[in-house]
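Residues per chain are reported as follows:
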Number of protein chains: 2
Amino acid sequence: MPVASTRVAQQERSRATQARLLEATVECLVEHGWSGTTTTVVAARAGVSRGAQLHHYPTRAALVTAAVTHLTERRAAELRAEAAALPAGPRRLDRVVDLLAAAFTGPLFVAALELWVAARTDTELRDALVPLEARVGREMHRLTVELLGVDERRPGVRETVQATLDLLRGLGVANLLSDDSARRTVLLHTWKRQLAALLPPDDGPPRSGAGPGSEQP
Amino acid sequence: MPVASTRVAQQERSRATQARLLEATVECLVEHGWSGTTTTVVAARAGVSRGAQLHHYPTRAALVTAAVTHLTERRAAELRAEAAALPAGPRRLDRVVDLLAAAFTGPLFVAALELWVAARTDTELRDALVPLEARVGREMHRLTVELLGVDERRPGVRETVQATLDLLRGLGVANLLSDDSARRTVLLHTWKRQLAALLPPDDGPPRSGAGPGSEQP
């Protein structure tokens, strides 16, 4: 079936071109910020013609939202694989928090923050990002619940997972201009102890009493 | 003493001009972001001549760092006054957290975030902001300790105050593109209960045992 195999080869080339464009976009955002991430610069960096770039992603907003979506999915898959390789036991929670903290101080977080801040004052970008923000937020929450191996139906677990992600986002911002890793390590050390107390593992015994933090949203 | 009184009047005019420029700078950052905050736009908004603007703040970096410094000091003074007006009692901690959360979702936070993100890829701005970031961080920490009325020499208090500020920073970012207040209210409700348990007031009994979180940085 020469027609079908040609089509398959074309689709594969398309996917490879798209992947190069999306990775170049995130690299550009990290290196030059939103203002320096033009479609021309990204196409050149990816080694893709302007025509091909415009064919796949007709606008700058389309390009950057596709980049964040694609890289978030890839990073989530990597996090799942890294977490799956962790040994079981009491230190597992600590290592999962370390993996998440690395994600919130890595290039994808920086690229996303560039977009989030730019979108505040750029209507086209904002319209493209708001639905993506909600989706990424939900995915990140679900992934964290899964990696921590906790049961969200238990009282307080949902808020504790949310607080962990908001804390990590705050720590990511604190790391933007200077290396905040020493302070972050100390702070997360304490946080891990609190998490261990607040988040009984899925198969563990339930906390005694509902107590504070039992409110469901 | 006509010469002295003329000098005093000139100094007052200078201070008024500076204040107008600094407030216009923060307004511009909130409305147009870093890219739209040029010295020309700020001077026009403040109703100040280009010459006067350049006399007081010769560079864009000097203007925006002075603006963040000035407004942070003013906002800190306002927070102290608002906290001083709070009634004593068990709900005081909750109201202090509400005041801090309002600061981290207000215009000054947004303006500062614009600068922090822009400084990542702008060497001149970065050189100006890094020392300011450290100072603002220390001031904010000291202010929070003071408003919460806690004793930082007690084990775990320092980390808990830090975690609160990092959490609030994360919540501020989550509020950039959409109104996150409903989720934030629920999350902070739980956080306040945890804070009340972790942070005994200055004159309260010490926590029983050091336990987790007793590490000093």
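Residues numbered from 1 in each chain as written. Chains lettered and ligands numbered in written order. Predicted model: local features only at pLDDT ≥ 70, side-chain atom pairs only at ≥ 80, totals over all residues. Heavy atoms only, no water.

Moving on, we get to the overall build of chain A. Scanning chain A from terminus to terminus reveals 9 helices and 0 strands. Seen in sequence order, chain A has helices and strands lined up from the N terminus as α-α-α-α-α-α-α-α-α. Judged by the C-alpha coordinates and their principal axes, chain A covers about 65 × 45 × 30 Å. Buried positions account for 48% of the 217 residues belonging to chain A. Here the contacts in chain A between residues at least 6 apart in sequence split such that 67% fall between residues at least 24 apart. Counting only carbon and sulfur atoms, one obtains 57% of the accessible surface of chain A, whose full area is about 10,200 Å². Distance between charge centres in chain A, computed from 27 positive and 25 negative side chains, equals 2 Å. (Helix = DSSP H or I, 4+ residues; strand = E, 2+ residues; numbered from the N terminus. Buried < 20%, exposed > 50% of the residue type's maximum accessible area, 1.4 Å probe, protein only. Contact = heavy atoms within 4.5 Å. Areas by Shrake-Rupley, 256 points an atom, 1.4 Å probe, with all protein chains shown as cover. Lys, Arg positive; Asp, Glu negative; His and termini not counted. Charge placed at Lys NZ, Arg CZ, Asp CG, Glu CD.)

UniProt records the feature "domain: HTH tetR-type" (unreviewed entry) for residues 15–75 of chain A in the present numbering. Overall, residues 15–75 of chain A shows 80% helix and 0% strand. The separation of its end C-alpha atoms is 18 Å. (UniProt positions renumbered as here; feature names shortened; annotations may be inferred.)

A few words now on the environment of A:G33. With respect to the helices, strands and loops of the structure, A:G33 is situated in the loop between α1 (2–32) and α2 (39–46). With a relative accessible area of 1%, A:G33 lands in the buried category. When the C-alpha atoms of A:G33 and A:L113 are compared, they prove to be 9.5 Å apart, with 80 residues separating the residues in sequence. In contact with A:G33, other than residues within four places in its own chain, are A:C28, A:E114, B:R120 and B:T121.

Before going further, it helps to examine the side chain of B:D151. Residue and element names in this part refer to chain B. Among the structural elements, D151 can be located in the loop between α7 (123–148) and α8 (157–174). A relative accessible area of 14% places D151 in the buried class. A distance of 2.9 Å separates a polar side-chain atom of D151 from the backbone nitrogen of R153. (Polar contact = N/O pair within 3.5 Å; in protein donor to acceptor, adjacent residues only side chain to side chain.)

On to the interface of chain B and chain A, then. The interface of chain B with chain A comprises 44 residues on the first partner and 44 residues on the second. In total, about 3,800 Å² of surface goes out of reach between chain B and chain A, with carbon and sulfur atoms giving 65% of it. Along the contact surface separating chain B from chain A lie 4 salt bridges. With its nearest N and O atoms 3.0 Å apart, the salt bridge here joins B:E114 to A:R120. Joining chain B to chain A, the criterion identifies 16 residue pairs in polar contact (both at pLDDT 80 or more). (Buried area = accessible area lost by both parts, 1.4 Å probe. Salt bridge = Lys/Arg side-chain N within 4 Å of Asp/Glu carboxyl O.)

Count 3.6 residues to each turn of an α-helix, and residues three or four apart come out pointing the same way. Listed in full, the buried residues belonging to helix α2 (residues 39–46) of chain B are B:T39, B:V42, B:A43 and B:A46. Take α2(B) and look down its axis: the buried residues cluster within an arc of 100°, on one side only. (Arc of directions from axis to C-beta.)

Turning next to the relation of the copies chain B and chain A. Relating the two copies of this chain is a rotation about some axis coupled with a shift parallel to it. Mapping chain B onto chain A leaves a residual RMSD of 0.0 Å; the transformation is a rotation of 180° accompanied by 0.0 Å of translation along its axis. Look at the turn and shift together and you get a two-fold axis relating the two. When the interface residues of chain B are mapped onto chain A, 100% of them again fall at the interface, so both copies present the same face. (Least-squares fit on C-alpha atoms with pLDDT ≥ 70 in both.)

Taken from the UniProt record, the annotation "DNA-binding region" (unreviewed entry) applies to residues 38–57 of chain A. The distance from the first to the last C-alpha atom of residues 38–57 of chain A is 12 Å, and the span holds 75% helix and 0% strand.

This part is about the pattern of salt bridges. When the charged atoms of two side chains lie near each other, side chains of opposite charge can form a pair. Under the counting rule described, the total for this entry stands at 38 salt bridges over all chains. Notably, a salt bridge pairs A:R169 with A:D166, separated by 2.5 Å at the nearest N-O pair. Here A:R169 pairs with A:D166, and both are found in helix α8 (residues 157–174), just 3 residues apart, close to one helical turn. In this structure, B:R153 engages B:D151 in a salt bridge whose closest nitrogen and oxygen atoms are separated by 3.0 Å. According to the relative accessible area criterion, B:R153 is exposed, its value standing at 70%.

Attention shifts here to the packing of aromatic side chains. Here the distance between the centres and the angle between the planes together describe a pair of aromatic rings. Per the counting criterion, the structure on display carries 3 aromatic pairs over all chains. For the ring pair A:W191 and B:W191, a centre distance of 5.8 Å and an interplane angle of 35° mean the geometry is tilted. Residue A:W191 is located in helix α9 (residues 181–198), and its partner B:W191 is located in helix α9 (residues 181–198); the two belong to separate chains. Here A:W191 matches B:W191 in class, with each residue buried. When the ring centre of A:W34 is taken as origin, the NZ or CZ atom of A:R60, which lies over that ring, is 3.6 Å away. (Phe/Tyr/Trp six-rings, centres within 6.5 Å; stacked < 30°, edge-to-face > 60°. Lys NZ or Arg CZ within 6 Å of the ring centre and 35° of its normal.)

This brings us to the side chain of A:T164. All names here are of chain A. Tracing the backbone through its elements, the reader meets T164 in helix α8. Engagement of the side chain of T164 in a polar contact is seen with the side chain of W191, the distance being 3.2 Å. Filtering out sequence-adjacent residues up to four positions away, T164 remains in contact with W191 and L195.

On to the packing of helix α6 (residues 107–119) of chain A against helix α7 (residues 123–148) of chain A, then. Pairs of packed helices are described in terms of their axes, by the angle between the two and the distance that separates them. Residues and elements named next belong to chain A. Contact geometry for α6 and α7: axes closest at 9 Å, N-to-C directions at 125°. Between α6 and α7, the angle is such that the two are oblique. Of the two elements, α6 crosses α7, and the hand of that crossing is left-handed. Contacts between α6 and α7 involve L115, W116, A118 and A119 on the former and, on the latter, L125, R126, L129 and E133. (Axes fitted to C-alpha atoms, helices over the stretch in contact; angles between N-to-C directions. Parallel < 35°, antiparallel > 145°, perpendicular 65-115°, else oblique. Left-handed = near helix turned anticlockwise from the far one by under 90°.)

Attention now moves to α9(A). The end-to-end C-alpha distance of α9(A) is 24 Å, a good match for the 26 Å that 18 residues give at a rise of 1.5 Å each. When α9(A) is considered as a whole, its buried residues turn out to be A:R184, A:L187, A:L188, A:T190, A:W191, A:K192, A:Q194 and A:L195. The secondary structure elements touched by the buried residues of α9(A) are α5 (92–103) and α8 of chain A together with α8 and α9 of chain B. (Expected span 1.5 Å × (residues − 1).)

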